[in-house]
Amino acid sequence: MIYAEVIGDPISHSKSPAIHGFWLKALGIEAEYRAAHVKPDGLAAYFAARKADPDWRGCNITIPHKQAALDLVEDRGGVRASIGAINTVIREGDALIGTNTDAGGFYTPIAGLDLQGRDVVVIGAGGAARAILFALSRLDVARVTILNRNVLKAAALLSSFGLKGDAVPLGAPLPPAALLVNASALGMQGQPPLAIDLSPLPDDAVVYDIVYAPLETELLAQARDRELDTVDGLDMLIGQAALAFELFFGAEPPRDRDEELRAILTS
Ligand code: NAP
């Protein structure tokens with residue numbers, strides 16, 4: 001039977017098997033999507049073995065392999081020079097091709113938002129923030145303010161995407177941006193909360209928290225108290241999975257069943 005996988009170390013927490021499994025069943029596709037625990041010293045052997053398995057359609061890649069995997073596959077889309085990390089590998093003939101669906105997954109839930117010429121705030125400057133800044137660099141936004149613990153890292157990220165804006169420390173007052181994205185680990189289970197004052201945001205601002213464990217973060221609760229529109233981390237997670245699913249199985253997932261899927265993922 002054909003199959004795809006998600007690889008990482010650790011991997012048991014991954015929600016990807018539940019997402020892809022739900023879509024495979026919904027569409028009646030005879031295939032499997034599994035989690036595979038791959039340690040860093042086993043990554044090269046993993047790709048060598050899967051390349052020889054004709055049933056393997058590809059894999060998603062999570063921590064800590066998102067950069068290392070780039071060295072083991074072809075980078076036809078120039079991901080190394082842009083986002084700098086891959087989250088998906090597919091097979092094309094005898095070649096293994098790396099790609100990144102996080103930027104598209106981030107963008108899908110806000111595709112209806114006109115950000116052209118508007119200001120954006122991003123909290124965080126790690127791997128997820130890179131994919132988000134890549135997406136923002138394609139949207140013709142005005143200024144991007146990055147709040148991050150390591151300000152130099154944030155400034156380097158802004159300039160690497162040719163974005164206008166500022167890198168400031170966490171805790172700096174927010175500018176009146178149209179979109180605020182939390183792309184940091186703050187607010188995640190086991191991490192400190194994100195302490196932030198949303199009052200400078202205009203009433204039509206959207207607050208997007210990519211953290212999905214917990215799903216209802218303090219940031220989103222605070223935004224809802226202010227009656228701001230919100231997007232949660234499952235929207236991005238399902239969005240990046242949907243793009244990968246099409247690459248693995250050649251079918252569009254049934255996004256009209258997202259509510260059912262979200263209920264499974266949060267039960
Ligand atoms: P990462 O590369 O490790 O980056 C972590 C970021 O959080 C950095 O900006 C780091 O600041 C900041 N940070 C971590 N601990 C901190 C602390 N104690 N105080 C202040 N800042 C802190 O991680 P990532 O891969 O970007 O992931 C970030 C979050 O996004 C995680 O919660 C992850 O689960 C989530 N995520 C969600 C999706 C989705 O599809 N919804 C996809 C990818 C990631 P420094 O730069 O100063 O170290």
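Up top is the structure these notes are about.
Residues numbered from 1 in each chain as written. Predicted model: local features only at pLDDT ≥ 70, side-chain atom pairs only at ≥ 80, totals over all residues. Heavy atoms only, no water.

1. Points about the site of the ligand
In the vicinity of the ligand lie 23 residues, with Ala-125, Ala-128, Asn-148, Lys-153 and Met-188 positioned nearest. At a separation of 2.8 Å, an oxygen atom of the ligand approaches a polar side-chain atom of Asn-148. Here a nitrogen atom of the ligand sits 2.9 Å away from a polar atom, N or O, in the main chain of Gly-233. In isolation the ligand offers 920 Å² of accessible surface; the protein chains occlude 78% of this area. (Near = heavy atom within 4 Å. Polar contact = N/O pair within 3.5 Å; in protein donor to acceptor, adjacent residues only side chain to side chain. Areas by Shrake-Rupley, 256 points an atom, 1.4 Å probe, with all protein chains shown as cover.)

2. Quick look at the pairing of strand S8 (residues 164–168)
Here 5 bridges tie strand S7 (residues 143–147) to S8, and the two strands are oriented parallel to one another. Paired with Ile-146 across the bridge in S8 is Ala-167. (Pairing = 2+ DSSP bridges. Helix = DSSP H or I, 4+ residues; strand = E, 2+ residues; numbered from the N terminus.)

3. A look at the pattern of salt bridges
For the structure shown, the criterion picks out 14 salt bridges. With its nearest N and O atoms 2.8 Å apart, the salt bridge here joins Arg-50 to Glu-5. With Arg-50 in helix H2 (residues 43–51) and Glu-5 in strand S1 (residues 2–8), this pair connects stretches of sequence that are 45 residues apart. For the pair Arg-50 and Glu-5, one class covers both residues: buried. For Asp-258, the salt bridge identified is with Arg-255, shortest N-O distance 2.9 Å. Judged by its relative accessible area of 16%, Asp-258 is buried. (Salt bridge = Lys/Arg side-chain N within 4 Å of Asp/Glu carboxyl O. Buried < 20%, exposed > 50% of the residue type's maximum accessible area, 1.4 Å probe, protein only.)

4. Some thoughts on unusual backbone geometry
Across the junction of Asp-9 and Pro-10, the peptide omega takes the value 10°, indicating a cis bond. Considering the arrangement of structural elements, one finds Pro-10 in the loop between S1 and helix H1 (16–27). The backbone phi angle of Asp-140 is positive, close to 60°, even though this residue is not glycine. Structurally, Asp-140 is set in the loop between helix H4 (127–137) and S7. Residues other than glycine seldom take positive phi values, yet Glu-227 does so here, at roughly 60°. Along the chain, Glu-227 falls in the loop between helix H6 (218–225) and strand S11 (229–231).

5. Quick notes on the side chain of Asn-87
Among the structural elements, Asn-87 can be located in the loop between strand S3 (56–61) and strand S4 (88–92). At a separation of 3.0 Å, a polar atom in the side chain of Asn-87 contacts the side chain of Thr-88.

6. A few points about the packing of helix H7 (residues 233–249) against helix H8 (residues 258–266)
The geometry of H7 relative to H8 is characterised by a closest axis approach of 11 Å and an angle of 110° between their N-to-C directions. Judged by the inter-axis angle, H7 sits roughly perpendicular to H8. For the pair H7 and H8, the sense of crossing is right-handed. Together, Leu-234, Asp-235 and Ile-238 of H7 and Asp-258, Leu-261, Arg-262, Leu-265 and Thr-266 of H8 make up the contact between the two elements. Taken together, the residues of the contact of H7 with H8 sort by class into 4 nonpolar, 1 polar and 3 charged. (Axes fitted to C-alpha atoms, helices over the stretch in contact; angles between N-to-C directions. Parallel < 35°, antiparallel > 145°, perpendicular 65-115°, else oblique. Left-handed = near helix turned anticlockwise from the far one by under 90°. Contact = heavy atoms within 4.5 Å. Nonpolar A, V, L, I, M, F, W, Y, C, P; charged D, E, K, R; others polar.)

7. Quick notes on the nonpolar core
One finds Phe-47, Phe-106 and Leu-179 to be the most contacted residues of the largest nonpolar core, which totals 49 residues. Residues lining this core come from more than one domain, with at least three contributed by each of domain 1 (2–100 + 237–265) and domain 2 (104–231). Not counting chain neighbours up to four residues away, the residues in contact with Phe-47 comprise Ile-7, Cys-59, Ile-61, Ala-69, Leu-72, Val-73, Val-89 and Leu-96. If you look at the next biggest cluster of nonpolar residues, it comprises 24 residues, including Val-6, Ala-31, Leu-237 and Phe-245. (Core = buried A, V, L, I, M, F, W, Y, C linked by side-chain atoms within 4.5 Å. Domains from an automatic or database assignment.)

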